[in-house]
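Commentary on secondary and tertiary structure
Here are the chains, one letter per residue:
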Amino acid sequence: TYSSNFSVRATATTGITTSPTQPLATQAFTFTITGSGFDPTTVRVYFSGPGCSGNTSCPVENSSLSTKSSGSVSGQAVLSNAGTYSVYVQNGLSGVTSNPQQLVIVGSAITSISPSSVTASSNSFMLTIKGTNFVPSTVQVVLTGPGCSTTTACVISNGTLITKTSTQIVAPIT
């Protein structure tokens, strides 16, 4: 008779904190995940959600993590899409995946546009867009409609904008 005792070391997460506390889509944020069973030499983190499917599409690999211990990992990530993500910890690419922690990435939202209409023969005017979570350093305005059939045909670039704050954009329209 042969008997053997062995155990499989699995990861388990207990929480996630981020800075800022509500990360914005397309902006870098830092995260700390707490738990147990993390192997500091192989631990990795991956995000599953909008635009991130599977354990290889939105990873933060071991070499990119700033802090790694058996009970905590920290690093930085950028997620392109707003929405709810499941965050997993895994020891190596083929290791057992932890239970998920949920993370919400917020996006920009437009609350008003002024003027709301103009006549077709109007000369140039200023378009004011109000909302939340605009990223002043990267925001741009994309117009679609007659004469603007693609998302690249009528783009007002960041450098052309008159005002760009987290709550208001003013774009010259010619």
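Residues numbered from 1 in each chain as written. Predicted model: local features only at pLDDT ≥ 70, side-chain atom pairs only at ≥ 80, totals over all residues. Heavy atoms only, no water.

**Focus: the sheet that holds strand β7 (residues 83-91)**
Within the open sheet, the four strands sit side by side as β4-β3-β7-β8. Their pairing is antiparallel. Each of the sheet's edge strands pairs with one partner strand only, and the pair in question is β4 (59-60) and β8 (101-105). Two strands pair when backbone bridges link them, and β7 and β8 are joined in this way by five bridges, in the antiparallel orientation. Each residue of the ladder has a partner; that of S86, found in β8, is Q102. (Pairing = 2+ DSSP bridges. Helix = DSSP H or I, 4+ residues; strand = E, 2+ residues; numbered from the N terminus.)

**Section: the packing of aromatic side chains**
This structure, assessed with the given rule, holds three aromatic pairs. With 5.8 Å between their ring centres and 80 degrees between their planes, F31 and F47 make a pair best called edge-to-face. Here F47 lies in strand β3 (residues 43-48) and F31 lies in strand β2 (residues 29-36), a separation of 16 residues in the sequence. Relative to Y88, the ring of Y46 lies with its centre 5.0 Å away and its plane at 20 degrees, an arrangement referred to as stacked. A residue pair is termed long-range when its members are at least 10 positions apart, and Y46 in strand β3 and Y88 in strand β7 qualify at 42 residues. Accessibility assignment for this pair places Y46 and Y88 in one class, buried. Taken together through their ring pairs, the aromatic side chains of F29, F31 and F47 make up a single cluster. (Phe/Tyr/Trp six-rings, centres within 6.5 Å; stacked < 30°, edge-to-face > 60°. Buried < 20%, exposed > 50% of the residue type's maximum accessible area, 1.4 Å probe, protein only.)

**Focus on the state of the cysteines**
For the structure on display, the rule yields two disulfides. Two residues, C52 and C58, share a disulfide whose sulfurs are 1.9 Å apart. Measuring handedness by torsion sign, the sulfur bridge of C52 and C58 sits at about -75 degrees and is left-handed. In this model C148 forms its disulfide with C154; the gap between the sulfur atoms is 1.8 Å. Negative torsions about the S-S bond denote left-handed disulfides, and the value of about -85 degrees found for C148 with C154 makes this one left-handed. Each disulfide of the chain joins two cysteines, and with those cysteines numbered along the sequence the arrangement is 1-2, 3-4. (Disulfide = S-S within 2.5 Å.)

Everything listed here is a matter of coordinates, which is why it stays silent on function.
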